[in-house]
Amino acid sequence: MTLYRVELPEDVAAALERVALSRGSTPEALLRAAASALVQADPAAERAALETMLAEAEAEIDAGRAVPHAEVMEELRGWAAGLRQR
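Treat the numbers as computed from the prediction; the structure is a model and nothing was measured. (Residues numbered from 1 in each chain as written. Predicted model: local features only at pLDDT ≥ 70, side-chain atom pairs only at ≥ 80, totals over all residues. Heavy atoms only, no water.)

Enquirer: Help me understand the overall build of the protein chain in this model?
Expert: When helices and strands are tallied, the protein chain shows four helices and zero strands. Tracing the protein chain from N to C terminus, the helices and strands come up as α-α-α-α. For the protein chain, the C-alpha atoms occupy an extent of roughly 70 × 35 × 20 Å along the three principal directions. Here the protein chain holds 86 residues, and the buried ones make up 5% of them. Split by element, the accessible area of the protein chain, about 7,900 Å² in all, is 59% carbon and sulfur. (Helix = DSSP H or I, 4+ residues; strand = E, 2+ residues; numbered from the N terminus. Buried < 20%, exposed > 50% of the residue type's maximum accessible area, 1.4 Å probe, protein only. Areas by Shrake-Rupley, 256 points an atom, 1.4 Å probe, with all protein chains shown as cover.)

As structure tokens, this is what we get:
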């Protein structure tokens, strides 16, 4: 892990201590969680994750491990028609 030194105003530090205590945690753990959430909410990181998922999906399609939309819809329509007949 990398160590950062952060100076907080006294009122913020006191509030952080109270919140940590009420959650059965530590101020350090809360700050780690907050930093992690902030980084994960980064639009650039979200876009990179989306691009990775899309590339993986395209590779699955190229490898023939996908079902065309028309086939899925045909199967669903048949399933729905069977339900209506009950």
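Enquirer: Would you mind showing me how to read the layout of surface pockets here?
Expert: Any empty space left between the atoms is revealed when a probe the size of a water molecule rolls over them. There is about 540 Å³ of room inside the largest pocket. In this structure, the largest pocket is lined by 14 residues; those nearest its centre are Tyr4, Val6, Glu28, Leu31 and Arg32. Elements supplying a minimum of two residues to the lining of the largest pocket: α1 (10-22) and α2 (27-40). For the lining of the largest pocket, the leading source of residues is α2, giving five residues. Partitioned by chemical class, the residues of the lining of the largest pocket number 10 nonpolar, one polar and three charged. (1 Å grid on protein atoms, 1.4 Å probe; cavity = no way out; pocket = protein on both sides within 12 Å on 5 of 7 lines; lining within 4 Å. Points joined across faces, edges and corners; volume = space filled by probe spheres on them. Nonpolar A, V, L, I, M, F, W, Y, C, P; charged D, E, K, R; others polar.)

Enquirer: When you look at the packing of α1 against α2 in this model, what are you seeing that I'm missing?
Expert: Relative orientation and spacing of two packed helices are given, respectively, by the angle between their axes and the distance between those axes. One way to put it is that α1 packs onto α2 with a least axis distance of 8 Å and a crossing angle of 95°. Relative to α2, the element α1 lies roughly perpendicular. Note on element contacts: α2 touches α1 through Pro27, Leu30 and Leu31, opposite Leu16, Glu17, Val19 and Ala20. A class-by-class count of the residues in the contact of α1 with α2 yields six nonpolar, no polar and one charged. (Axes fitted to C-alpha atoms, helices over the stretch in contact; angles between N-to-C directions. Parallel < 35°, antiparallel > 145°, perpendicular 65-115°, else oblique. Contact = heavy atoms within 4.5 Å.)

Enquirer: I'm lost on the pattern of salt bridges in this one. Help?
Expert: A side chain with one charge can pair with a side chain of the opposite charge if their charged atoms come near. Across all of its chains, the model carries three salt bridges by this definition. For the salt bridge of Arg47 with Glu51, the shortest nitrogen-to-oxygen distance reads 3.0 Å. With Arg47 and Glu51 both in helix α3 (residues 43-62), this residue pair falls four residues apart, about one helical turn. Here Arg65 and Glu60 are joined by a salt bridge, their closest N and O atoms 2.9 Å apart. (Salt bridge = Lys/Arg side-chain N within 4 Å of Asp/Glu carboxyl O.)

Enquirer: How do you make sense of the confidence of the model for the protein chain when you look at a structure like this?
Expert: Keep in mind that low pLDDT regions are not for reading the predicted coordinates in detail. Taken residue by residue, the protein chain gives an average pLDDT of 93. The fraction at 70 or more is 100%. Taken element by element, the predicted model of the protein chain shows its lowest mean pLDDT in α3 (91) and its highest in α1 (96). (pLDDT = per-residue confidence, 0-100.)

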